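# Structural overview for review
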Amino acid sequence: DTEVTQTPKHLVMGMTNKKSLKCEQHMGHRAMYWYKQKAKKPPELMFVYSYEKLSINESVPSRFSPECPNSSLLNLHLHALQPEDSALYLCASSHQEQDRAQYFGPGTRLLVL
Amino acid sequence: KQEVTQIPAALSVPEGENLVLNCSFTDSAIYNLQWFRQDPGKGLTSLLLIQSSQREQTSGRLNASLDKSSGRSTLYIAASQPGDSATYLCAVRGTDKLIFGTGTRLQVFP
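Below, the structure is looked at part by part. (Residues numbered from 1 in each chain as written. Chains lettered and ligands numbered in written order. Predicted model: local features only at pLDDT ≥ 70, side-chain atom pairs only at ≥ 80, totals over all residues. Heavy atoms only, no water.)

## As for the pattern of salt bridges
Residue and element names in this part refer to chain A. Per the counting criterion, the structure on display carries 6 salt bridges over all chains. Residues R30 and E52 are paired through a salt bridge, measuring 2.7 Å at the closest nitrogen-oxygen approach. Taken together, the positions of R30 in the loop between strand 3 (18–25) and strand 4 (31–37) and E52 in the loop between strand 5 (44–50) and strand 6 (53–57) put the pair 22 residues apart, joining distant regions of the chain. The exposure class of E52 is partly exposed, given its relative accessible area of 29%. One salt-bridge network, held together by shared partners, links K36, R63 and D85. (Salt bridge = Lys/Arg side-chain N within 4 Å of Asp/Glu carboxyl O. Helix = DSSP H or I, 4+ residues; strand = E, 2+ residues; numbered from the N terminus. Buried < 20%, exposed > 50% of the residue type's maximum accessible area, 1.4 Å probe, protein only.)

## Brief notes about the environment of C91 of chain A
Residue and element names in this part refer to chain A. As for its position among the elements, C91 is in strand 9 (residues 87–94). Considering only alpha carbons, one finds C91 and P69, 22 residues apart in sequence, at a separation of 15 Å. When residues no more than four places from it in sequence are discounted, the contact partners of C91 are V4, Q6, C23, M32, Y33, W34, L74, Y103, F104 and G105. (Contact = heavy atoms within 4.5 Å.)

## Describing the state of the cysteines
All names here are of chain A. Tallied over the entire structure, the rule returns 2 disulfides over all chains. The partner cysteine of C23 in its disulfide is C91, sulfur to sulfur 1.9 Å. Around the S-S axis, the bridge from C23 to C91 shows a dihedral of about -70° and counts as left-handed. Placement of the pair is C23 in strand 3 and C91 in strand 9, with a sequence separation of 68 residues. (Disulfide = S-S within 2.5 Å.)

## With respect to the interface of chain A and chain B
With 20 residues of chain A at the interface, the matching set in chain B holds 20 residues. In total, chain A and chain B occlude about 1700 Å² of area from one another, counting both sides; carbon and sulfur atoms represent 51% of this. By the criterion of area lost to chain B, the three top residues of chain A are Q98, D99 and F104 of chain A, representing 32% of everything that side buries. Between K97 of chain B and E58 of chain A there is a salt bridge; the shortest N-O distance is 2.7 Å. If you look at where chain A meets chain B, you find 4 residue pairs in polar contact (both at pLDDT 80 or more). (Buried area = accessible area lost by both parts, 1.4 Å probe. Polar contact = N/O pair within 3.5 Å; in protein donor to acceptor, adjacent residues only side chain to side chain.)

## Considering the nonpolar core
Ranked by size, the top nonpolar core spans 23 residues in total, and within it W34, F64, L76 and L78 of chain A carry the most contacts. Residue contacts for L76 of chain A: discarding those within four places in its chain leaves K19, S20, L21, W34, M46, F47, F64, S65, P66 and Y89 of chain A. Membership of the second largest hydrophobic core comes to 22 residues, among which are L19, C23, A64 and L106 of chain B. (Core = buried A, V, L, I, M, F, W, Y, C linked by side-chain atoms within 4.5 Å.)

## Quick word on the environment of A31 of chain A
Residue and element names in this part refer to chain A. Within the secondary structure layout, A31 lies in strand 4. Between the alpha carbons of A31 and S94 there is a distance of 5.3 Å; along the sequence they are 63 residues apart. Apart from residues no more than four positions distant in its own chain, A31 is found in contact with Y49, A92, S93, S94, H95 and Q96.

## Re unusual backbone geometry
Cis rather than trans, the peptide bond between T7 of chain A and P8 of chain A has omega equal to -10°. One can find P8 of chain A in the loop between strand 1 (4–7) and strand 2 (10–13). In this chain, I7 of chain B is followed by P8 of chain B through a cis amide linkage whose omega measures 0°. In this fold, P8 of chain B is placed in the loop between strand 1 (4–7) and strand 2 (10–14). Despite not being glycine, K40 of chain A shows a phi value in the positive range, around 60°. For K40 of chain A, the position within the fold is in the loop between strand 4 and strand 5. For K40 of chain A, a relative accessible area of 70% corresponds to the exposed category. Its identity as a non-glycine residue notwithstanding, Y51 of chain A has a phi of 50°, on the positive side.

And the structure:
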């Protein structure tokens, strides 16, 4: 099983809203990732969690707040977003070793009005 | 800084053709290279993973090669089908993250 699940599939929010994106995997992976992808562009790394601890923050604005409650779950809390934050948000996971494959979820399509 | 480029950016071919997609990277210090497929508005599907010590990997009609010293990888698709239409992304794994290429948008028409 190489499945990463993400909810919701689509999300529309206003600039004053607070919402959360959720990601789950049951492959025993201890590294989890958030990516942002704009139309016709490759994914851009936002955050990396390793053994439930934040290991990489790619200078992401504080209106994006990641959380890793346990080894299977990854959340991305959203607050006071801007219209330019509209994008496809992808979650991925992998084994900890650097030579292992990353597996991606289907993404959450976010529209900020 | 690692840079990953894919050529061509877009490709349109009739069904049945054999295809070669190219990926080049500037820093040969990589752990592996992964090829992905992405359908419009969807997530990434992992197609093949080549470790830095390997030369090629095969899965069905797909064959990926890696020449680390020259900074190149190719994805060969045999007997293309309309269902192969998608964007294909290569990504190299450095010390701490994947660096993605710019992608090749493939359209296979009947």
